Amino acid sequence: MAGGRGGESGARGWDESDIRIRPGKGSRPRTKRRPTHSDAASAMVVSVDRGRWGCVLLDDGPDHVAGTWIVTMRARELGRTPIVVGDHVGVVGDLTGTRDTLSRIIRVEDRSTVLRRTADDSDPYERVVVANAELLLIVVAVADPPPRAGFVARALVAAYTGGLEPVLCLTKGDLDDPSVFAAEFEALDVPVLQVGIDDDLAALHELIDGRISAMIGHSGVGKSTLVNRLIPDAHRAVGVVSGVGKGRHTSTQSVALELGTDGWVVDTPGIRSFGLAHVSPDDVVGAFSDLHEIAEECPRGCTHQGPPADPECRFDAITDPAAHRRALAVRELLGVLQSNDAWALGTDQD
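Residues numbered from 1 in each chain as written. Predicted model: local features only at pLDDT ≥ 70, side-chain atom pairs only at ≥ 80, totals over all residues. Heavy atoms only, no water.

Can you lay out the overall build of the chain for me, pointing to particular residues and giving the numbers?
On a plain count of helices and strands, the chain comes out with ten helices and 13 strands. Residue burial in the chain is summarised as follows: out of 350 residues, 43% are buried. Across the chain, the fraction of contacts at a sequence separation of at least 24, relative to all contacts at a separation of at least 6, is 66%. With an accessible surface of roughly 18,600 Å², the chain has 49% of that area assigned to carbon and sulfur atoms. (Helix = DSSP H or I, 4+ residues; strand = E, 2+ residues; numbered from the N terminus. Buried < 20%, exposed > 50% of the residue type's maximum accessible area, 1.4 Å probe, protein only. Contact = heavy atoms within 4.5 Å. Areas by Shrake-Rupley, 256 points an atom, 1.4 Å probe, with all protein chains shown as cover.)

Structure (structure tokens):
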């Protein structure tokens with residue numbers, strides 16, 4: 001029998017090619033095809049907290065209704081793609097908004113504007129704080145605490161270079177004359193509104209209704225009071241949009257709050273610094289079309305600061321009074337790029 005088996009084996013000619021080895025998981029060929037998610041619903045990110053994004057659906061669909069609030073996670077194929085409040089995203093999965101359900105963000109749409117910052121002026125890593133906002137509401141008290149022009153200037157630079165329209169919102173006008181501080185930015189044609197606790201907010205509503213606005217301001221300037229006047233149930237709304245399944249109230253995170261007039265206000269209590277390391281002088285000047293044309297005639301490397309640093313800067317040759325005042329105001333903005341003042345950076349903000 002043994003001999004028979006041996007002869008049979010020799011006749012068939014067994015060799016190593018007859019041995020089949022099942023490939024391991026790591027060696028199996030993987031397809032590069034990814035689902036297109038053509039049926040993904042459109043949504044806007046309204047809150048962010050530790051790997052979870054609160055979103056509101058923007059359109060109706062077979063299995064979802066516009067205005068529904070959902071909790072989402074980032075799809076694996078997005079890797080570490082940053083997703084911030086205000087981003088327009090595509091979402092799939094359970095879109096009913098039922099408690100304890102989780103959807104997936106599968107794409108992030110191109111941003112029309114960005115409010116960005118760095119931790120300080122020496123940090124090269126820029127962080128996008130809010131996406132797709134049209135307005136930047138800069139809330140400043142005219143007294144108690146005293147207004148800081150440096151912080152406002154930095155906020156203006158961030159707005160201009162990010163594509164947002166800045167609006168200066170002054171509070172506590174009953175304690176001091178707001179026109180004195182407002183005059184410092186008159187040449188930039190920045191809208192200035194008084195929004196103190198006793199002031200009428202009609203002019204502000206004309207600007208923000210139907211639009212997305214980001215709001216920033218130091219602790220104690222009355223920003224929370226203003227938010228609550230614009231959105232009476234803001235405290236309840238914050239609890240809803242920031243309750244994204246992690247069991248923590250994100251009072252230090254940006255959150256979008258819906259106005260009753262078809263608009264959104266993005267409150268940004270978490271901004272503790274306003275570094276501008278990512279901004280160059282040309283970025284600032286480029287926000288002003290008339291000055292940008294003049295700056296093209298400046299010598300290479302001109303920082304537009306004027307003498308003695310830039311003795312041949314063409315800003316000094318401007319003859320139109322209004323344009324010259326604006327050029328001087330822009331020079332003040334450029335000056336903050338060299339400043340490391342703690343108040344200007346916002347490091348004292350709560």
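Which residues make up the confidence of the model for the chain, and what values go with them?
Summary statistics for the chain give a mean pLDDT of 83 and a share of 78% for residues scoring 70 or more. Confidence drops under a pLDDT of 50 for residues 236-251, and excluding neighbours within four residues, the segment shows 31 contacts in the predicted structure. (pLDDT = per-residue confidence, 0-100.)

Account for the side chain of N132, with residues named and values stated.
Counting through the fold element by element, N132 comes out in the loop between β7 (127-131) and β8 (135-141). A relative accessible area of 9% places N132 in the buried class. From its side chain, N132 meets the backbone nitrogen of S112 in a polar contact 2.8 Å long. Those residues in contact with N132 that lie beyond four places of it in its chain are G86, D87, H88, D110, R111, S112, T113 and I212. (Polar contact = N/O pair within 3.5 Å; in protein donor to acceptor, adjacent residues only side chain to side chain.)

Tell me about the nonpolar core, and name the residues and values.
In summary, soluble globular proteins display a tendency toward joint burial of nonpolar side chains. The biggest cluster of nonpolar side chains holds 56 residues, and the ones touching the most others in it are L115, L136, I138, L156, L168 and L188. It is helix α2 (residues 149-162) that contributes the most residues to this core, nine residues altogether. Setting aside residues no more than four positions away along its own chain, L188 makes contact with L156, Y160, F288, R326, A329, V330 and L333. Counting 22 residues, the second-largest nonpolar core is a separate cluster that includes A141, L201, L230 and I231. (Core = buried A, V, L, I, M, F, W, Y, C linked by side-chain atoms within 4.5 Å.)

Help me get a handle on the pairing of strand β3 (residues 69-74), residues and values and all.
In terms of strand pairing, strand β2 (residues 52-57) meets β3 through four bridges, oriented antiparallel. Its bridge partner lying in β3, G54 is registered against V71. With three bridges connecting them, β3 and strand β5 (residues 103-108) associate as parallel partners. Bridging from a neighbouring strand, M73 pairs with R104 of β5. (Pairing = 2+ DSSP bridges.)

Explain the environment of E258 residue by residue, including any values.
Here E258 is to be found in strand β12 (residues 255-258). As for E258 and L230, which are separated by 28 residues in sequence, their C-alpha atoms are 9.6 Å apart. With near-sequence residues (within four places) excluded, E258 lies in contact with W69, I231, G263 and W264.

So what's going on with unusual backbone geometry? Residues and values would help.
With an omega of 0°, the peptide bond between D144 and P145 qualifies as cis. One can find P145 in the loop between β8 and α2. A cis geometry characterises the amide bond from P307 onward to P308, with omega recorded as 0°. Among the secondary structure elements, P308 is positioned in the loop between α8 (289-295) and α9 (321-336). Phi is positive for H304, close to 65°, though the residue is something other than glycine. Tracing the backbone through its elements, the reader meets H304 in the loop between α8 and α9.

Can you explain the environment of Q305? Please cite residues and give values.
Looking at the secondary structure, you find Q305 in the loop between α8 and α9. Residues Q305 and V330 lie 25 residues apart in sequence; the distance between their C-alpha atoms is 9.3 Å. Discounting chain neighbours no more than four positions away, the residues touching Q305 are D310, R331, L334 and G335.

I'd like a rundown of helix α5 (residues 223-230), residues and numbers included.
Of all the residues in α5, the buried ones are K223, L226, V227 and L230. All buried residues of α5 project into a common sector of 100° when viewed along the axis, lining one side. (Arc of directions from axis to C-beta.)

Just give me the short version of α2, but keep the residues and values in it.
Taking 1.5 Å of rise per residue, 14 residues should cover 20 Å, and α2 covers 20 Å from first to last C-alpha, within 8% of that figure. For α2, the tally of buried residues reaches eleven of 14 residues, placing the bulk of the element in the interior. Looking only at α2, the buried set comprises F151, V152, A153, R154, A155, L156, V157, A158, A159, Y160 and G162. G163 lies just past α2 and shows a positive phi near 90°. (Expected span 1.5 Å × (residues − 1).)

Describe the side chain of D267, and please don't skip the residues or the numbers.
Tracing the chain through its elements places D267 in strand β13 (residues 264-267). Relative accessible area serves as the criterion here: at 11%, D267 is assigned to the buried category. Of note is the side chain of D267, whose polar atom sits 2.6 Å from the side chain of K223. Other than its neighbours up to four places away in sequence, D267 contacts M215, K223, V227, Q253, S254 and V255.

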